[in-house]
Amino acid sequence: MYKLVFLLALLVTTPALAEPVDFTLPDLEGKPVSLSDYRGKWVIVNYWATWCPPCLEEIPELVSLHEDNSDSLVVLGVDYEEVNTAYLKEFVESHMMTYPVVRTEPVPMTALGPVMGLPTTYIISPAGERLARQEGPVTQADIEKYIARKQDQAARLKPVAETR
């Protein structure tokens, strides 16, 4: 009986799934890239700029994260500054940024939420739900731990949901 009460309490306190989020921004060739293009994968949306020292420090972490998890995750870099395209392409190449990069003008409120400082990173679920926001640098290990925790939570809840 106690387990049933606990499971019911867990269902009641679990928040409803968020609405999927989306945006479309141009890549470095001017082609439109939408967040929804990556549904089915975790998306790490990283707002950054070429002049931002903490952004530069986290680029190798994001490259490694993107490459080590390419089957289930994509890093999407959003250049959040006004800079010419030739310079940005050269910058991306010189920093060996292997993940997709798109551009936007700096605005205080983006389609995902606020960007009050750089870097700012949003974690988007495979269903397109905005799950987390981090202002300041992120690491590969921290993101992988967060995703593993979310997957474990979903796995524990799935059997309960299937019995309904």
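Every value quoted in this text rests on a predicted model; they were computed, and no experiment measured them.

Asks: So, the overall build of the protein: which residues are in play, and what are the values?
Replies: Helix and strand counts for the protein stand at 4 helices and 7 strands. Along the protein, helices and strands appear, N-terminal first, in the series α-β-β-β-α-β-α-β-β-β-α. For the protein, the computed accessible surface area is about 9,500 Å², with 58% contributed by carbon and sulfur atoms.

Asks: Can you lay out the pattern of salt bridges for me, pointing to particular residues and giving the numbers?
Replies: One pass over the structure, following the stated rule, counts 2 salt bridges. The closest approach of N and O atoms between Lys89 and Glu29, which form a salt bridge, is 3.4 Å. Taken as a pair, Lys89 in helix H3 (residues 85–94) and Glu29 in the loop between strand S1 (24–26) and strand S2 (32–34) lie far apart in primary sequence, 60 residues in all. For Lys89, a relative accessible area of 32% gives the class partly exposed. For Glu29, a relative accessible area of 56% gives the class exposed.

Asks: Got a sec to walk through helix H2 (residues 53–68)? Specific residues and values, please.
Replies: The end-to-end C-alpha distance of H2, which contains 16 residues, comes to 24 Å, matching closely the 22 Å that a straight helix rising 1.5 Å per residue would cover. Where H2 bends most, at Ile59, the angle is about 35 degrees, and the proline Pro60 comes one to four residues later. Listed in full, the buried residues belonging to H2 are Cys55, Glu58, Ile59, Leu62, Val63, Leu65 and His66.

Rules and cut-offs
- Residues numbered from 1 in each chain as written.
- Predicted model: local features only at pLDDT ≥ 70, side-chain atom pairs only at ≥ 80, totals over all residues.
- Heavy atoms only, no water.
- Helix = DSSP H or I, 4+ residues; strand = E, 2+ residues; numbered from the N terminus.
- Areas by Shrake-Rupley, 256 points an atom, 1.4 Å probe, with all protein chains shown as cover.
- Salt bridge = Lys/Arg side-chain N within 4 Å of Asp/Glu carboxyl O.
- Buried < 20%, exposed > 50% of the residue type's maximum accessible area, 1.4 Å probe, protein only.
- Expected span 1.5 Å × (residues − 1).
- Bend = angle between axes of the 7 residues up to and from the residue.

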